[in-house]
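Residue-level listing of the chains:
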Amino acid sequence: MMATVASGVRHDGAEGETARRPGRIRMNFDAFDTRVRHAERLAAAGDDAAAAVETAIAATLAAHRHCGVFASPRLERLMAEVGRRLEPPTDDRPAADPAPFRRVLHVCTQLAPVGGLTKMLALWINADHHRINGVALTQHRGPVDARITEAVRGSGGAIHHLNHRQGGKLAWARELRRVARDYDVVVLHIHCEDVIPLIAFADPAKHPPVLILNHADHLFWIGTRISHGVINLREAARRLAITRRGVEPARSFLLPTLITLPERQRSRSAAKQALGVPDDCVLLVSVARGAKYRNVGPVTYADRHVDLLAAHPNARLIVVGPGERADWAPAQAATDGRIIAYPEQSDPRIFFEAADIYVDSYPFVSSTSMLEAAAYGLPLVTRFEAPEAAEIVAINHPGLDATAHVAHDQSAYEAHLTALIADAPARRAAGAETAAAIARLYAPAAWLAGLDAVYAQARALPRLASDAADPVPAEAPHLGEPDLRHQDMFGSDFPVSGMTKNYIGMLPLRQRIASWAALRSAGHFSGPWERVRLLLPEWLVRNVKDRSGLLRTGSI
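Source: prediction; values computed, not measured.

> Break down the overall build of the protein for me, with residues and values.
Along the protein, the regular secondary structure elements total 21 helices and 15 strands. For 556 residues, the compact-globule formula gives about 24 Å, and the C-alpha radius of gyration of the protein, at 24 Å, lands near that figure. In terms of principal-axis extent, the alpha carbons of the protein reach across some 70 × 55 × 50 Å. Buried residues in the protein amount to 55% of all 556 residues. For the protein, the proportion of contacts with a sequence separation of at least 24, taken over those separated by at least 6, is 74%.

Printed below as a string of structure tokens:
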């Protein structure tokens, strides 16, 4: 992969990197496999609580360090065995046949204030006005976003904080199982590594149908085995779910992302003025989480725009998400400060309102931001520099697949942007086309009709059969596309010690102390408070912290 950098020199280390990628996948898979085997040994010894935590760590590892697989039948079967051993509630009984879905339980791991998942869930509940929607949070930390609390309250539902209850993953799975019995259908919006629903819904004959929202369609995740249906946000995800996750085609649905069709609060000119941008400037804007603007080799996202901005002195680029980065400074200097970076914003409306052209994040695309920009009537430019077999890393969402300008290399990227910068009527025409496509597919009424169709499809399917006696295929790493480029685009170096810290409070006391001692011996504590906190059970920390937060804000 080649890109122009601030100095005008081109860097290309792709051949050497490509040669290293298969070995990296195998190394990642070996680390994952070691964790899976350890989880299996713990379960075989009857230590289900520790096995659940070890399974979560294994799944976290696979999601952060791609190991050539997008699903793990072994981990899912292991959690099913744990779930079947979990003592049943006193009213354990076969689930009723699927009735009209009038009561919906949304299960989430955490709901971050910045990001598309929280926003989509709030919009979902508000749009689905003829159903009662409740939310169960398996491992949420901190206050719940006001958009969620208001939407649930308006729907007549309730929010259930599972990790406020005494115990760990097994106790929370038991509580989720109990809560779900008051609903007609369960929709999972969970993180890739969340094992609690897998334990809770281990026996599909005893629980409402479970649908999983495939919001992390480019990553490894667990949940296929318990899913009565998988809701995909685009066709590329649907295909990958079938070919790489083992989802039956009839159980793989399509439902576009739900977004808000915006109403401008400012004119473009007024928004530019508020940002200190000259009115005659052609403003390029990009908005995403900071992690989506990672470097590819030595090339930064800012570097990719130096030559373009040099050729167009009337243009500038605002990037919302990465904040100030020292490695962007050469590109910013080379463009006389016409590349401006902001930190992540919970409400980036003003940037969309000010923009003339929207440019996607890279190398990690941002579909939610692209959809929002399209709804504002902005022309869209994105990059896809991989073979078609890697379509999951590209923007190919309904409404964007036919309207976004897609560049397959740096030259095409600059050509698309040059044409739009130089031709205001072309910008307006392209923006109008994208806005019309979004209004047609994503307006609340159209989206709700799509949701009703998905629910109807799900109700028509036979219940999942128990697969307790079926052989479980062993995973093997895939060394082709998109796996070869996955770690470079989406992977992280999140340390195993960090994963352990995330879950240590969910371990039984004996294992918690052993893990704590291992972290201390390795020098992984950041200070005295962390040493104390990690000895405490998660449920106690959450109750104390969340109650303190409510007291500070005056909510209680």
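Back to the text.
> Let's hear about the sheet that holds strand β13 (residues 357-359): which residues, and what values?
Strands sit in the order β12-β11-β10-β13-β14-β15 across an open sheet of six strands; the sheet is parallel. Either end of the sheet is taken by a strand with one partner, and the two such strands are β12 (339-343) and β15 (405-407). Across the sheet, the axes of successive neighbouring strands diverge by a mean angle of 25°, strand direction being ignored. With six bridges connecting them, strand β10 (residues 282-287) and strand β11 (residues 315-321) associate as parallel partners. Each bridged residue has a counterpart across the sheet, and for L283 the counterpart in β11 is R316.

> I'd like a description of the layout of surface pockets, backed by residues and values.
Its volume calculated, the second largest pocket comes out at about 710 Å³. Lining the second largest pocket are 30 residues, with T224, R225, R245, G246 and D467 sitting closest to its centre. The element best represented in the lining of the second largest pocket is helix α3 (residues 73-85), accounting for three residues. A per-class count over the lining of the second largest pocket returns 14 nonpolar, six polar and ten charged.

> Give me the pairing of strand β14 (residues 380-383): which residues, what numbers.
Residues L380 and T382 of β14 are buried on one face, and the alternating residues V381 and R383, pointing to the opposite face, are buried as well. Pairing of β13 with β14, which is carried by two bridges, proceeds in the parallel orientation. Pairing of Y358 across the sheet is with L380, part of β14. For the handedness criterion, the β-α-β arrangement of β13, helix α13 (residues 367-375) and β14 is classed as right-handed.

> Got a sec to walk through the nonpolar core? Specific residues and values, please.
Judged by nonpolar contacts, the single largest core of 80 residues is most densely connected at F32, L105, L176, L188, I199 and F201. Top element by residues in this core is helix α2 (residues 48-64). It accounts for twelve residues. With residues near it in sequence (within four places) discarded, L176 still touches L105, V107, A136, L162, I196, P197, A200 and F201. Residues V285, I318, V320 and F351 belong to the second largest nonpolar core, which totals 30 residues.

> Quick rundown of unusual backbone geometry? Include the residues and the values.
For the peptide bond that leads from Y362 to P363, omega is 10°, which places it in the cis range. Looking at the element boundaries, P363 is found in the loop between β13 and α13. Of note, the bond from E481 into P482 is cis; its omega dihedral lies within 30 degrees of zero at 0°. The topology assignment puts P482 in the loop between α16 (444-460) and α17 (483-490). We note that D336 has phi near 55°; this positive angle belongs to a residue other than glycine. Here D336 shows up in the loop between α11 (329-334) and β12. When its relative accessible area of 69% is taken as the criterion, D336 is described as exposed.

What counts as what
- Residues numbered from 1 in each chain as written.
- Predicted model: local features only at pLDDT ≥ 70, side-chain atom pairs only at ≥ 80, totals over all residues.
- Heavy atoms only, no water.
- Helix = DSSP H or I, 4+ residues; strand = E, 2+ residues; numbered from the N terminus.
- Rg over C-alpha atoms; globule rule 2.2 N^0.38 Å.
- Buried < 20%, exposed > 50% of the residue type's maximum accessible area, 1.4 Å probe, protein only.
- Contact = heavy atoms within 4.5 Å.
- Pairing = 2+ DSSP bridges.
- Axes fitted to C-alpha atoms, helices over the stretch in contact; angles between N-to-C directions.
- 1 Å grid on protein atoms, 1.4 Å probe; cavity = no way out; pocket = protein on both sides within 12 Å on 5 of 7 lines; lining within 4 Å.
- Points joined across faces, edges and corners; volume = space filled by probe spheres on them.
- Nonpolar A, V, L, I, M, F, W, Y, C, P; charged D, E, K, R; others polar.
- Right-handed = clockwise from strand over helix to strand, strands pointing away.
- Core = buried A, V, L, I, M, F, W, Y, C linked by side-chain atoms within 4.5 Å.

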